[in-house]
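As a plain string of letters, each chain reads:
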Amino acid sequence: MIDFSHVTKTFPTGEVVLDDVSFTVNPGEFVCITGKSGVGKTTLGRLLIRDLSPTKGTVKIDGEDLALMKTRDIPRLRRKIGFVFQDYKIILDKTVAENITYALEIAGYDSKKIPARIDQLLHLVDIPGKGDLFPSQLSGGELQRASIARAIAADPPILFADEPTGNLDKETSLEIFNLLKKINEAGTTVIMATHDVTIINFHHARHIHLEKGKIAFDRENVKSQNVEEEVKEQPSPKDDEVKIIHKKRKIKKIKK
Amino acid sequence: MQTAFKNIRRSPYQAISAIFVVSITMFIVAMFALVSVASQEILLTFETKPQIIAYLKDGHTPDQVNELLTQLSTTQGVKKAIYISKQDALELYKESVGNDPMLLGTVEITAQTPKSFNSISSVLERSEIVSTTPQGKKEIDFPQDVVAELTKWTNAIRVAGLIMVAALTLVSILTIVIIISMKISGRKLEITTLKLLGARNFYIIKPYIQESFLYGVSGALIGWLTAYIALLYSTPFLSPRIGTIITFPVPFIIMLILLGGMLTFSAALALVSGFFASTRFVKRSK
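Note that the structure is a prediction, hence the values are computed from the model and not measured.

Here we take up the overall build of chain B. Helices and strands together make up the secondary structure of chain B, namely nine helices and four strands. Listing each helix as α and each strand as β along chain B from the N terminus yields α-α-β-α-β-α-β-α-β-α-α-α-α. Within chain B, the fraction of its 286 residues that count as buried is 42%. Considering only residue pairs separated by 6 or more positions, chain B has 81% of its internal contacts joining residues 24 or more positions apart.

Given below as structure tokens:
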């Protein structure tokens, strides 16, 4: 169980990112944390892996206060939490398979079983056969999937996904969301931090919304039947961007 | 180890410069070790063959000679004392020179160490049968000065060699530390990611320690090989000069022992450098 109790986080600049935030996440739950950029979603994740310590309050995982944890025990904690980073943090000069291998080696996986596990993971995240590709050879969606594959490689009981759909078009976002749901159904506690409420508003999930560093609401959403159609029908930001680029090119040509 | 090889392939010039510096250090270490052993051998030869020659007066009797030999055999530090009569000396001289000079009978004493020279000399000074120079001095020859001079030179070589090896070892350590630090700082993002994934410090630093170990081992092998080639090349020059004291060509087993020592020294040096550079960086990164 994850327990945030009266957590306040103030950065050295004096900025209060989280202000007296309290909530618990039970094993096997799927929790979406929403809020505008800079509201403290990523900070929650960083507190969870002891990348940061709270200024006030406590963060506990299975009753263990992370602030009291010794530095040498932090790697053990981090191995318990799969983390999908907002900026992917995929090592660029390593192939997808090598990136996943790192996570498996760190978790102490048997080296003989690693290739089979990588295949299994790539199938699970729907990028089979892309293990030998470098990150630069992947699309944004594929990169996110690779990042998820690395995060869940060693079967961590908790998965924190920080803006996993942030840079993706609506359709891919939905696929990623469904993938996270699938991982959750397999028993992993999933916490997804996102500013995109479109998808989660139509799904059955616990929804914690942050505003100005405080919890604005914490409720259960009910899944809409037509969610996938509704989401697909919305123009994706990527399509818009492509149109703008084409327009700019046309203008340049005309000018020439 | 695969990661270490990959790191070397990625930045070959850094690897070459590290290996080059370690090779030079190891070459000097090898040469110093060989010179040190050779000078020790030469010194030992002089020390274990410290001979005092006492020239005897004409007309000494066998009883007098036996009395002196008995006296010498009970003196501390005497390894061996033999009597060479005038006739024996003549035969020996004829063998080497083919002449017929005026010769005296001698007692040749082999001392255990040059330190015993004084006590042996005082026994001979008291003996009546030992010949006397026109100035009234007993005719006793001993190479104490040569040994003292040789000891002085050997010690000087050892001190100079050790200073040079120490300085070069320091340069090698610094070179490896700088190169590993450069490489590791170039992979800061990767290290941060690995830490966030839960990697222990040892997992992160392992490839860098292995890489510096490879520098050490390669440097030792190149240094040893260069020293061996140099030794074989100079064998025709050295053999006639010190061939009676040291066996030429130097037996391969000796060279293998030297290689073993160099590999151990170089590997330890590289491991310490790699560990120092990588731990320092990894501890500082989050």
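What follows is about the sheet that holds strand β2 (residues 16–25) of chain A. Residue and element names in this part refer to chain A. Strands sit in the order β2-β1-β4-β5 across an open sheet of four strands; the sheet is antiparallel. Whereas interior strands pair on both sides, the edge strands pair on one side only; in this sheet they are β2 and β5 (64–65). The pairing of strand β1 (residues 2–10) with strand β4 (residues 56–61) spans five bridges and is antiparallel. Counted as the bridge partner of D3 is K60 from β4.

Let us now look at the sheet that holds strand β3 (residues 106–111) of chain B. Strand-to-strand pairing in sheets goes through backbone hydrogen bonds, with the strands running parallel or antiparallel. Residues and elements named next belong to chain B. Across the sheet, four strands lie side by side as β2-β3-β1-β4; this open sheet has antiparallel pairing. The outermost strands of the open sheet, each flanked by one partner alone, are β2 (78–84) and β4 (140–141). For β2 and β3, the ladder comprises six bridges, and the chain directions are antiparallel. From the neighbouring strand, A81 faces β3, where its bridge partner is I109. Contacting β2 and β3, helix α3 (residues 62–73) crosses the sheet at an angle of about 170° to β2.

This next bit is on the environment of V17(A). All names here are of chain A. For V17, the location among the structural elements is in strand β2. V17 gets classed as buried once you look at its relative accessible area, which sits at 6%. For the pair V17 and G213, spaced 196 residues apart in the sequence, the C-alpha separation amounts to 5.2 Å.

Residue and element names in this part refer to chain B. Residues F252, I253, I254, L256 and I257 make up a contiguous nonpolar surface patch of roughly 480 Å² in combined accessible area. Here I257 is to be found in helix α9 (residues 252–284). Here I257 falls in the exposed class, since its relative accessible area comes to 58%.

Another point: the UniProt feature "transmembrane region" (unreviewed entry) in chain B. Residues annotated in UniProt with the feature "transmembrane region" (unreviewed entry) correspond here to residues 12–35, 159–180, 213–233 and 253–277 of chain B. For residues 213–233 of chain B, the end-to-end C-alpha separation is 30 Å, with 100% helix and 0% strand making up the annotated structure.

Attention now moves to the packing of aromatic side chains. Per the stated rule, a full pass over the model turns up eight aromatic pairs over all chains. Note on Y228(B) and F252(B): the rings are 5.8 Å apart at their centroids and 40° apart in plane angle, and the pair reads as tilted. Here F252(B) lies in helix α9 and Y228(B) lies in helix α8 (residues 201–242), a separation of 24 residues in the sequence. A residue is classified by how much of its surface remains accessible, and F252(B), at 43% relative accessible area, is partly exposed. These aromatic residues form a ring-pair network of at least three members: F83(A), F85(A) and F160(A). Above the plane of the ring of F85(A) lies K89(A), whose end atom (NZ or CZ) is 5.7 Å from the centre. The side chain of R219(A) reaches across the aromatic face of F217(A), ending 4.1 Å from its centre.

Turning to the confidence of the model for chain A, a few remarks are in order. Here chain A averages 86 in pLDDT, and 86% of its residues register 70 or above. Overall, residues 230–239 of chain A carries pLDDT values under 50, and its contacts beyond four positions in sequence, including any with other chains, amount to 14 contacts.

This part takes up the packing of helix α3 (residues 96–106) of chain A against helix α5 (residues 140–152) of chain A. All names here are of chain A. Interaxial distance between α3 and α5 falls to 8 Å at its minimum, and their mutual angle equals 25°. Considering the angle they form, α3 stands roughly parallel to α5. As for the relative orientation of α3 and α5, their crossing is right-handed in sense. In this structure, α3 uses V96, N99, I100 and A103 to contact α5, whose residues at the interface are A146, A149 and R150. Broken down by class, the residue content of the contact of α3 with α5 amounts to five nonpolar, one polar and one charged.

Before going further, it helps to spend a moment on the interface of chain B and chain A. Each side of the interface is counted separately: chain B has 14 residues, and chain A has 19 residues. Surface buried jointly by chain B and chain A totals about 1700 Å² across both partners, of which 54% is contributed by carbon and sulfur atoms. When the buried surface of chain B facing chain A is broken down by residue, L196(B), L197(B) and Y203(B) rank first, second and third, together holding 37% of it. Here R187(B) ties to D93(A) by a salt bridge, and the two come within 2.9 Å at their closest N and O atoms.

All names here are of chain B. Here S127 lies in the loop between α5 (117–126) and β4. Overall, S127 belongs to the buried group, its relative accessible area being 10%. When residues no more than four places from it in sequence are discounted, the contact partners of S127 are L68 and K138.

All names here are of chain A. Here α5 crosses helix α6 (residues 170–185) at 15°, and the two axes come no closer than 10 Å. As judged from the angle between their axes, α5 and α6 are roughly parallel. Both α5 and α6 take part in a crossing whose hand is right-handed. Contacts between α5 and α6 pair G141, Q144, R145, I148 and I152 from the former with T172, E175, I176, L179, L180 and I183 from the latter. Classifying every residue of the contact of α5 with α6 gives six nonpolar, three polar and two charged.

Parameters and conventions
- Residues numbered from 1 in each chain as written.
- Chains lettered and ligands numbered in written order.
- Predicted model: local features only at pLDDT ≥ 70, side-chain atom pairs only at ≥ 80, totals over all residues.
- Heavy atoms only, no water.
- Helix = DSSP H or I, 4+ residues; strand = E, 2+ residues; numbered from the N terminus.
- Buried < 20%, exposed > 50% of the residue type's maximum accessible area, 1.4 Å probe, protein only.
- Contact = heavy atoms within 4.5 Å.
- Pairing = 2+ DSSP bridges.
- Axes fitted to C-alpha atoms, helices over the stretch in contact; angles between N-to-C directions.
- Patch = residues over 30% accessible without salt bridge, like charges linked within 9 Å, V, L, I, M, F, W, Y side chains within 5 Å.
- Areas by Shrake-Rupley, 256 points an atom, 1.4 Å probe, with all protein chains shown as cover.
- Salt bridge = Lys/Arg side-chain N within 4 Å of Asp/Glu carboxyl O.
- UniProt positions renumbered as here; feature names shortened; annotations may be inferred.
- Phe/Tyr/Trp six-rings, centres within 6.5 Å; stacked < 30°, edge-to-face > 60°.
- Lys NZ or Arg CZ within 6 Å of the ring centre and 35° of its normal.
- pLDDT = per-residue confidence, 0-100.
- Parallel < 35°, antiparallel > 145°, perpendicular 65-115°, else oblique.
- Left-handed = near helix turned anticlockwise from the far one by under 90°.
- Nonpolar A, V, L, I, M, F, W, Y, C, P; charged D, E, K, R; others polar.
- Buried area = accessible area lost by both parts, 1.4 Å probe.

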